[in-house]
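What the coordinates show
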Amino acid sequence: MTIARTAAAAAVLALGLTAAPLTSAVADEAPTTDGPCATQQAQLDKAEAKLESLTAKLAAKKEAIAEAKAEVKAADTAQEKRSATAALATAKEKKAKVKKAKKFQLQRVAHAQERLDKCLAANPAPAPAPAA
């Protein structure tokens, strides 16, 4: 048993040493500050990307429910019908979970937009130089 533990510890240590340079390289690539509101803009962009992902996921869940309903209708035996009904219930639960996540993500996007608007109002962009 101790040989297995030693081998496992060595493997974890080896993975840790190979991953350490990668994590430090990623940490060195900190986001550049293009302006006073770069962080808020990055947060908004990230929130909107997640919202798009959840929207696509919700559409897929709706399709899965439609397919499950079709399977329930097409079921011939009682066993098939029970199985299809259980699959439909599972699909509906998953859809509800994604719908709830999307609702919260919409709130996150709204709050991120408010933070960005507040930052932009506090830090107006410099006026462009007039052309001579």
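The structure we're discussing is the one just above.
This text gives an overview of the structure that appears in the document. Treat the numbers as computed from the prediction; the structure is a model and nothing was measured.

The number of helices and strands found in the chain is three helices and zero strands. Looking at the 132 residues of the chain, the share that counts as buried comes to 14%. Per element, the accessible surface of the chain, about 10,400 Å² overall, is 62% carbon and sulfur.

Moving on: the nonpolar core. Nonpolar side chains in soluble globular proteins tend to be buried together. Ranked by size, the top nonpolar core spans eight residues in total: Cys37, Leu44, Ala47, Leu51, Val109, Ala112, Leu116 and Cys119. Those elements that provide at least two residues to this core are helix H2 (38-74) and helix H3 (78-122). Looking at this core element by element, the count peaks at four residues for H3.

Okay, the side chain of glutamine 105 next. Mapped onto the elements of the fold, glutamine 105 is located in helix H3. According to the relative accessible area criterion, glutamine 105 is buried, its value standing at 5%. One polar contact links the side chain of glutamine 105 to the main-chain carbonyl oxygen of alanine 47, over a distance of 3.1 Å.

Before going further, it helps to examine the environment of lysine 61. Along the chain, lysine 61 falls in helix H2. Here lysine 61 falls in the partly exposed class, since its relative accessible area comes to 23%. With 32 residues separating them in the primary sequence, lysine 61 and glutamate 93 have C-alpha atoms 9.7 Å apart.

To continue, consider the environment of lysine 94. Here lysine 94 shows up in helix H3. With 33 residues separating them in the primary sequence, lysine 94 and lysine 61 have C-alpha atoms 7.2 Å apart.

Another aspect to go through is the state of the cysteines. With the rule as written, the count across this model stands at one disulfide. Residue cysteine 37 pairs covalently with cysteine 119 via a disulfide, S to S 2.0 Å. Handedness of the cysteine 37-cysteine 119 disulfide follows from its S-S torsion of about -95 degrees: it is left-handed. Here cysteine 37, found in the loop between helix H1 (2-28) and H2, pairs with cysteine 119, found in helix H3; they are 82 residues apart in sequence, far enough to count as distant. The buried category is assigned to cysteine 119, whose relative accessible area is 10%.

Turning our attention to the environment of lysine 73. Inspection of the secondary structure assignment puts lysine 73 in helix H2. You can call lysine 73 exposed: its relative accessible area is 77%. Placed twelve residues apart in sequence, lysine 73 and threonine 85 show a C-alpha to C-alpha distance of 9.6 Å.

What follows concerns H3. Here H3 spans 66 Å end to end across 45 residues, near enough to the 66 Å set by a 1.5 Å rise per residue. Within the sequence span of H3, burial applies to Ala84, Leu88, Ala91, Val98, Gln105, Val109, Ala112, Leu116 and Cys119. Packed against the buried residues of H3 are H2.

Definitions and limits used
Residues numbered from 1 in each chain as written. Predicted model: local features only at pLDDT ≥ 70, side-chain atom pairs only at ≥ 80, totals over all residues. Heavy atoms only, no water. Helix = DSSP H or I, 4+ residues; strand = E, 2+ residues; numbered from the N terminus. Buried < 20%, exposed > 50% of the residue type's maximum accessible area, 1.4 Å probe, protein only. Areas by Shrake-Rupley, 256 points an atom, 1.4 Å probe, with all protein chains shown as cover. Core = buried A, V, L, I, M, F, W, Y, C linked by side-chain atoms within 4.5 Å. Polar contact = N/O pair within 3.5 Å; in protein donor to acceptor, adjacent residues only side chain to side chain. Disulfide = S-S within 2.5 Å. Expected span 1.5 Å × (residues − 1). Contact = heavy atoms within 4.5 Å.

Scope: geometric values only; no functional claims are made or implied.
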